[in-house]
Amino acid sequence: MIRRPPRSTLFPYTTLFRSREYCFDNRHKQTFFEEDIINIFPIVKHINPRATDAYHFYTTGQTKIQQGYLKDGYELISEALNLLNNVYGAMHPEIAQCLRMLARLNYIMGDHAEAMSYQQKAVLMSERVNGIDHPYTITEYTHLALYCFANSQISTALKLLYRARYLAIVVCGENHPEIALLDSNIGLVLHAVGEYDLSLRFLEKALGLNIKYYGAKSLKVAVSYHLVARAQSCMGDFRSALQNEKETYGIYKQQLGEEHEKTKESSECLRHLTQQAVILQKKMNEIYTGKLGGSFPPLQIQPPTMGSVLDMLNIINGILFVQISQQDIETFRAEFERSQKKSDGATKDDIDEGTSKRDVEEADWASR
């Protein structure tokens, strides 16, 4: 007699089915057939081992970066990458994470070519270890597109963003905050190459998603209004651009105050758009009244520079370059070292106090 094995020895399985329409309403008709099953995967519980030394180097490098020591942090994370390669081999998710961090550090320190090289390795590794439709892989595509744009590879950057957007729609659908970020990136790149109509479509889509998920008074929404206004001003639609820039100014004024740098920049942009709108309206009135003798005043429609577009790409992707003088850096380091010495001195005093108490107790016990 064949006995059934204990339930504890059976492994659960997950089944991968072919993508098609299945009928679940008819109970007398078979729903699944043999050709519908693509693959079967066992679900096994296990613990992922960790390379302790590499993890220590990586976290210490992150701490150094947060303190402003970018070079020291870069060296520590590079050492963590070497250790991970020795422990795990050529392919591992933590190695992809290290490559991504090194690419970001190179980009921040101004070495755009090296940043693109590291990010290409991170993309290839994430495709292998995570899958082409994994959220991490989609993020890697977005970062690589930014670094390609910084290296003047605009067509490559646009292809990468289109691919990332397609995969994001497959994974999470069109109504998702990540789609808003990708649409903003695509819109800015199209804006840089002069495709203003198509750029405006993507930027308006991103604006609608940001309002839906972050609220009408969010700073992300203010940036989206500003991007839409820039695209409309390049198309000559100053009336709509003025309205959207007013929304930007109102949000900045409410959230940051009138004296903030962003509020002042938006106010200056409003002044420029107002001047251009007035000039355009005066000329249109002359055309309507038949006064064609006057010369048409040129509209100051400046095409965007690659530098300004790259600055906006950095902002929407969370990369902020803070301008700090060397004197401020030295002052910060001196204060940090002073606080470290103070904390070390306090610890030493506590140890000495504890030692002296113990000596007194031992002497008292000996006298007894």
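Residues numbered from 1 in each chain as written. Predicted model: local features only at pLDDT ≥ 70, side-chain atom pairs only at ≥ 80, totals over all residues. Heavy atoms only, no water.

Draft legend 1. Molecular detail of helix H9 (residues 219–234). With 16 residues, H9 extends 23 Å from end C-alpha to end C-alpha; this agrees with the ideal 22 Å at 1.5 Å per step. A large share of H9 lies buried, amounting to 14 of its 16 residues. Between a side-chain oxygen at the N-terminus of H9 and the backbone nitrogen of Lys220 the separation is 3.2 Å; the capping residue is Ser218. Of the residues flanking the end of H9, it is Gly236, one or two places downstream, whose phi is positive at about 90°. (Helix = DSSP H or I, 4+ residues; strand = E, 2+ residues; numbered from the N terminus. Expected span 1.5 Å × (residues − 1). Buried < 20%, exposed > 50% of the residue type's maximum accessible area, 1.4 Å probe, protein only. Polar contact = N/O pair within 3.5 Å; in protein donor to acceptor, adjacent residues only side chain to side chain.)

Draft legend 2. Highlighting the packing of aromatic side chains. Summed over the entire model, instances satisfying the criterion amount to 6 aromatic pairs. Between Phe24 and Phe32 the ring centres are 6.0 Å apart and the planes differ by 65°, which places this aromatic pair in the edge-to-face class. Here Tyr162 and Phe202 contribute two aromatic rings whose centre-to-centre distance is 6.3 Å and whose plane-to-plane angle is 50°, an arrangement assigned as tilted. Of the two residues, Tyr162 sits in helix H6 (residues 154–172) while Phe202 sits in helix H8 (residues 196–214), which places them 40 residues apart along the sequence. Assessed through its relative accessible area of 34%, Tyr162 is described here as partly exposed. Through successive ring pairs, a cluster of aromatic residues spans Phe17, Tyr22, Phe24 and Phe32. (Phe/Tyr/Trp six-rings, centres within 6.5 Å; stacked < 30°, edge-to-face > 60°.)

Draft legend 3. Representation of the pattern of salt bridges within the structure. Under the definition given, this model contains 8 salt bridges. We note a salt bridge from Asp36 to Arg18, for which the minimum N-O separation is 3.0 Å. Taken together, the residues span a long stretch of sequence, with Asp36 in the loop between strand E1 (13–17) and strand E2 (37–42) and Arg18 in the loop between E1 and E2 at a distance of 18 residues. Among the residues examined, Arg18 registers a relative accessible area of 36% and is labelled partly exposed. As a salt-bridge pair, Lys264 and Glu259 come within 3.7 Å of each other at their nearest N and O atoms. When its relative accessible area of 63% is taken as the criterion, Glu259 is described as exposed. (Salt bridge = Lys/Arg side-chain N within 4 Å of Asp/Glu carboxyl O.)

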